[in-house]
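Residue strings, one per chain:
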Amino acid sequence: MDQAIRCRRPLVAANWKMHGRREMALSFMAELLEGLTRNPMDEEMDLLICPPFVLLSELASFINSPQAAKLQQTLVLGAQNLHERPHGAYTGEISGSMLIEAGCQYVLVGHSERRTLFGENDALVAEKFIAAQQAGLTPILCLGELASERETDRTAEVVSRQLNEVLQTAGTKAFENAVVAYEPVWAIGTGLTATPMLAQEVHAQIRAELAAAGVANAAQDVRILYGGSVKPNNAADLFAEIDIDGALVGGASLEAKDFLAICAAARH
């Protein structure tokens, strides 16, 4: 990798989805703290944990405790979703301001499971992207194609459509405080992974579209993560690609040792 060209600080994010309870979360954090104490990464990258909502305050308390001072230099919290409105009669939903109070700095927006299982369309994803920023959160905009779309050579079309809905709704300036994650839907939880070359091709497309739309410093500053069955044994090859700035990790992020190994692979 050409360090003279890529100067973006890597970000490795753990998406626990609907996994984890209090005992598991605290055990994970203790192991993570031990690993980061042995092998500090605070000057090299950002680590992000996106647990279920009910564990956010617990993890925030752990990170902010005196014994976890090492984590405070490296680790931040994020949420897996938010509502597009700041408040209201929306039973069961969570607002951006609530996430801020729980200790979040980031939030996932438009994850493929939200799109495919819960019917979130491009317009709603754009609203959530804006809501996140209005609350003071950094959105991680998830983009990606279905297997059928990949098989019919529509990857570029689908990713472009998803990205451009947010560009047109939120404006180009919004991407100065945002992260993008490319997650091919056919690779999520299947054990299949896009080859580094295929992933790089889509990441380069996203970066080029951001630059063409007028996003300031898109080539230098906007971090684009790869997601989709990222594991310790394939992470280094993915991160070696010039436009892959980290990962959004699912199943492999539930074990601290695997997550640490992926993080280590992301070092410049």
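Our structure is the block above this text.
Residues numbered from 1 in each chain as written. Predicted model: local features only at pLDDT ≥ 70, side-chain atom pairs only at ≥ 80, totals over all residues. Heavy atoms only, no water.

A.B. asks: Outline the pairing of strand 4 (residues 104–109), supporting the account with residue identities and numerical values.
C.D. replies: Within strand 4, five of the six residues are buried, leaving the element largely enclosed by the surrounding structure. In this structure, strand 3 (residues 75–79) lies alongside strand 4, joined through three bridges in parallel fashion. Residue pairing across strands places G78 opposite Y106, the latter belonging to strand 4. In this fold, strand 3 hands off to helix 4 (residues 96–101), which returns the chain to strand 4; that crossover is right-handed. (Buried < 20%, exposed > 50% of the residue type's maximum accessible area, 1.4 Å probe, protein only. Helix = DSSP H or I, 4+ residues; strand = E, 2+ residues; numbered from the N terminus. Pairing = 2+ DSSP bridges. Right-handed = clockwise from strand over helix to strand, strands pointing away.)

A.B. asks: Lay out the pattern of salt bridges in plain terms, naming residues and giving numbers.
C.D. replies: Counting across every chain of the model gives 18 salt bridges. The salt bridge partner of R9 is D46, with a shortest N-O separation of 2.9 Å. Separated by 37 residues along the polypeptide, R9 in the segment before strand 1 (11–15) and D46 in strand 2 (residues 46–50) bring together distant segments of the chain. Here R9 falls in the partly exposed class, since its relative accessible area comes to 29%. (Salt bridge = Lys/Arg side-chain N within 4 Å of Asp/Glu carboxyl O.)

A.B. asks: Kindly report on the side chain of D122, identifying the contributing residues and their values.
C.D. replies: Within the secondary structure, D122 is located in helix 6 (residues 122–135). Of note is the side chain of D122, whose polar atom sits 2.8 Å from the side chain of R115. Within polar-contact distance, the side chain of D122 engages the side chain of R161 at 2.6 Å. The contact partners of D122, leaving out residues within four places of it in the chain, are R115, R161, Q162 and E165. (Polar contact = N/O pair within 3.5 Å; in protein donor to acceptor, adjacent residues only side chain to side chain. Contact = heavy atoms within 4.5 Å.)

A.B. asks: Lay out the state of the cysteines with the relevant residues and their values.
C.D. replies: Taken as a whole and assessed by the stated rule, the structure comprises zero disulfides. The closest cysteine sulfur to the non-disulfide-bonded C142 is located on C50, 9.1 Å from its own sulfur. We classify C142 as buried; its relative accessible area is 2%. (Disulfide = S-S within 2.5 Å.)

A.B. asks: A description of the packing of helix 6 against helix 8 (residues 155–170) should follow, citing residues and the corresponding values.
C.D. replies: When two helices pack together, you describe them by how their axes are tilted relative to each other and by the distance separating the axes. Between helix 6 and helix 8, whose axes approach to 9 Å, the crossing angle comes to 50°. Our classification of the angle between helix 6 and helix 8 gives oblique. Read as a crossing pair, helix 6 and helix 8 show a hand that is right-handed. Across from D122, A123, A126, F129 and I130 in helix 6, the residues of helix 8 making contact are R161, Q162, E165, V166, T169 and A170. (Axes fitted to C-alpha atoms, helices over the stretch in contact; angles between N-to-C directions. Parallel < 35°, antiparallel > 145°, perpendicular 65-115°, else oblique. Left-handed = near helix turned anticlockwise from the far one by under 90°.)

A.B. asks: Before we move on, could you go through unusual backbone geometry and cite the residues and values that matter?
C.D. replies: With phi around 60°, D153 is a residue other than glycine that occupies positive phi space. Its location among the elements puts D153 in the loop between helix 7 (147–151) and helix 8. By relative accessible area, D153 is classed as exposed at 71%. The phi dihedral of S229 is positive, around 55°, even though this residue is not glycine. Tracing the backbone through its elements, the reader meets S229 in the loop between strand 7 (223–227) and helix 11 (235–239).

A.B. asks: Go over helix 6 with me, naming the residues and quoting the values.
C.D. replies: With 14 residues, helix 6 extends 20 Å between its outermost C-alpha atoms, agreeing within 8% with the 20 Å of an ideal straight helix rising 1.5 Å per residue. Turning to helix 6, its buried residues are D122, V125, A126, K128, F129, A131 and A132. Summarising the contacts, the buried residues of helix 6 are in contact with strand 4, helix 5 (112–118), strand 5 (138–143) and helix 8. One side-chain oxygen at the N-terminal end of helix 6 lies 3.2 Å from the backbone nitrogen of A123; it belongs to N121. Where helix 6 terminates, the next one or two residues include G136, which has phi positive at roughly 100°. (Expected span 1.5 Å × (residues − 1).)

A.B. asks: How would you summarise the pairing of strand 3 if you had to cite specific residues and measurements?
C.D. replies: In terms of burial, strand 3 is largely enclosed, as five of its five residues are buried. Side chains L75, L77 and A79 of strand 3 all project onto a buried face; the interleaved residues V76 and G78 project onto the opposite face, where all are buried too. Two strands pair when backbone bridges link them, and strand 2 and strand 3 are joined in this way by three bridges, in the parallel orientation. When the sheet's bridge partners are listed, L48 is paired in strand 3 with V76.

A.B. asks: Describe the packing of aromatic side chains, listing the residues and the values that go with them.
C.D. replies: Given two aromatic rings, one states the distance between the centres and the angle between the planes to describe the pair. With the rule as written, the count across this model stands at four aromatic pairs. Judged by centre distance (6.1 Å) and plane angle (55°), the ring pair of Y182 and Y226 falls under tilted. One end of the pair, Y182, is in strand 6 (residues 179–182); the other, Y226, is in strand 7, and 44 residues separate them in sequence. You can call Y182 buried: its relative accessible area is 0%. An aromatic cluster is present here, built from W16, F28 and F259 joined pairwise through their rings. We note R114 situated over the ring of F118; from NZ or CZ to the ring centre the distance is 4.1 Å. (Phe/Tyr/Trp six-rings, centres within 6.5 Å; stacked < 30°, edge-to-face > 60°. Lys NZ or Arg CZ within 6 Å of the ring centre and 35° of its normal.)

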